[in-house]
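So the chains spell out like this:
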Amino acid sequence: MEFTEAYKQTGPCCFSPNSRFVAVAVDYRLVIRDVLSLKVVQLFSCVDKISYIEWALDSEYVLCGLYKKPIIQAWSLRQPEWTCKIDEGPAGIAYARWSPDSRHILTTSEFQLRLTVWSLVNTACVHVQWPKHASKGVSFTRDGQFAAICTRRDCKDYINLLSCHTWEIMGVFAVDTLDLSDIEWSPDDSAIVVWDSPLDYKVLIYSPDGRCLSKYQAYESGLGVKSVSWSPCGQFLAVGSYDQVLRVLNHLTWKVFAEFTHLSNVRNPCCAAVFKEVDEPLQLNMSDLSLSDDFVRQNSEDAPEGHIQVRYDIMEVPITLPFQKPPPDKPNPKQGIGLMSWSSDSQYISTRNDSMPSVIWIWDIHHLELAAILIQKDPIRAAAWDPACTRLVLCTGSSQLYMWTPSGAYCVSVPLMQFNVTDLKWNSDGSCLLLKDKELFCCAAVPILPDSSEYSSDD
């Protein structure tokens, strides 16, 4: 892997959908850099500190959320002199997003009073009253033709279907939820999944015309659904719950065909490879060096604790994983499947049980078995699959990157001084990684994964 120099950032950073640019927030400035050279392509000045960045799908426009003001500013790469500013006045702005056509911006006001669709073409706007959530509860079809927007009135949840061409409401239907958490269109645009709040375990599948195709409830007592995700192929629906179980439904009968439990004790029979991160201190032979006592004493006081390299050791089963029992007297317990992500080919799904924050589980959907367990020294901050091949990359807030492929797992040291990776993102073609430190960012060129290869921690 090849790493660039580190550059300053004070907030969100993200690749453009066409993988050519990276947008970086530096206080009140929006810096657009070329991905290959990281040279500054455009520099825009906002009226306040940038809290949020989102690219339009055509990569021509960038939206900046200044939530302290609160206003929205949009900029054009093709026409740098073009500007756009959206101010909802006393209603405020809690969240903003692009529409699929890249020519409309959807904003949600404070206290979810209304959702407004702003046109960049003719300055027209359309209002939807009482949106359910600020940043959730809105989903677009894959072809960009329709939007599903959740609303709540008279103590009941509704789904509004809007045309993304005219922004007229095509239909409204009520859903059987007590307190709707979120919705998402299926990848083939044939169904909408709806799930309830954690207080009531309920996953509902609706057709676009409002018919309830399926209702799934794994259990009644206890906290329910924590995360939901469609597979990229659209054939599987993964549901992560607070009971530390991942359940996978099929798209034909909407029945559960796999249940994967996340137990702290892993016993035989188990075919999974268990990788554990361990320290590997760098051994230095200083027997032939002759230094004065003053020099040694002065440098030993200022020197760091030592150069530490890490590697993965393969562990034997049975093994006990590090487990944190959540306190029973506090809300929002750190338990259940809080992090979940599908591989691009839909064969693997990675999960993290929040009561075991330093462990990532990788499940093989084709064989319905556990493929691997990665045990890290620190809690996992982020994990993301390569969009072009079967490769999982994760970070833990250390100076290392951790990668898993079906061939094995390995560690990559970031060759930048005092750079600890707290977040990471792939670009759309899988050729580059965006790595974030607390106040810096860099990019890493990732080699194309061969069909079969042996990996080691030295790669």
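That block above? That's the structure.
Just so we're clear, the structure is a prediction, and the values are computed from it rather than from any experiment.

Engineer: Help me out: how do you make sense of the overall build of the protein chain in this one?
Structural biologist: From N to C terminus, the protein chain includes 1 helix and 41 strands. Relative to the 2.2 N^0.38 estimate, which gives 23 Å for 459 residues, the radius of gyration of the protein chain is 24 Å and therefore close to what a compact globule would have. Principal axes of the C-alpha set define a box for the protein chain whose edges measure 80 × 60 × 50 Å. Sorting the 459 residues of the protein chain into buried and exposed places 52% on the buried side. In the protein chain, the share of contacts with a sequence separation of at least 24, taken over all contacts with a separation of at least 6, comes to 44%. Accessible area of the protein chain: about 22,300 Å², with a carbon and sulfur share of 49%. Distance from the positive charge centre (39 side chains) to the negative charge centre (55 side chains) of the protein chain: 7 Å.

Engineer: How do you make sense of unusual backbone geometry when you look at a structure like this?
Structural biologist: A negative phi angle is the norm for most residues apart from glycine, just as the trans form is the norm for most peptide bonds. Between K69 and the following residue, P70, the backbone shows a cis peptide bond with an omega angle of -5 degrees. Mapped onto the fold, P70 is located in the loop between β8 (61–66) and β9 (71–76). For the bond from V317 to P318, the omega torsion is 10 degrees, close enough to zero to count as cis. Mapped onto the elements, P318 comes out in the loop between β29 (308–315) and β30 (319–320).

Engineer: Explanation requested: the sheet that holds strand β6 (residues 40–45) in the structure shown.
Structural biologist: Through backbone hydrogen bonds, the strands of a sheet pair up, either in parallel or in antiparallel fashion. Taken in spatial order, the 4 strands make up an open sheet running β3-β4-β5-β6, and their pairing is antiparallel. The open sheet has two edge strands, β3 (13–15) and β6, and neither has a second partner. Ignoring which end each strand starts from, the neighbouring axes of this sheet average 15 degrees apart. Note that strand β4 (residues 21–26) and strand β5 (residues 29–34) share 6 bridges and pair antiparallel. Bridge assignment links A23 to a residue of β5, and that residue is I32.

Engineer: I tried to follow the pattern of salt bridges on my own but got confused; where do I start?
Structural biologist: Pairs may arise between side chains of opposite charge once their charged atoms sit close together. Per the counting criterion, the structure on display carries 19 salt bridges. A salt bridge links K215 to D176, with the nearest nitrogen and oxygen atoms 3.7 Å apart. One end of the pair, K215, is in strand β22 (residues 212–216); the other, D176, is in the loop between β18 (169–174) and β19 (180–185), and 39 residues separate them in sequence. By relative accessible area, K215 is classed as partly exposed at 48%. What makes D176 partly exposed here is its relative accessible area of 40%.

Here is what the cut-offs are and how they apply
- Residues numbered from 1 in each chain as written.
- Predicted model: local features only at pLDDT ≥ 70, side-chain atom pairs only at ≥ 80, totals over all residues.
- Heavy atoms only, no water.
- Helix = DSSP H or I, 4+ residues; strand = E, 2+ residues; numbered from the N terminus.
- Rg over C-alpha atoms; globule rule 2.2 N^0.38 Å.
- Buried < 20%, exposed > 50% of the residue type's maximum accessible area, 1.4 Å probe, protein only.
- Contact = heavy atoms within 4.5 Å.
- Areas by Shrake-Rupley, 256 points an atom, 1.4 Å probe, with all protein chains shown as cover.
- Lys, Arg positive; Asp, Glu negative; His and termini not counted.
- Charge placed at Lys NZ, Arg CZ, Asp CG, Glu CD.
- Pairing = 2+ DSSP bridges.
- Axes fitted to C-alpha atoms, helices over the stretch in contact; angles between N-to-C directions.
- Salt bridge = Lys/Arg side-chain N within 4 Å of Asp/Glu carboxyl O.

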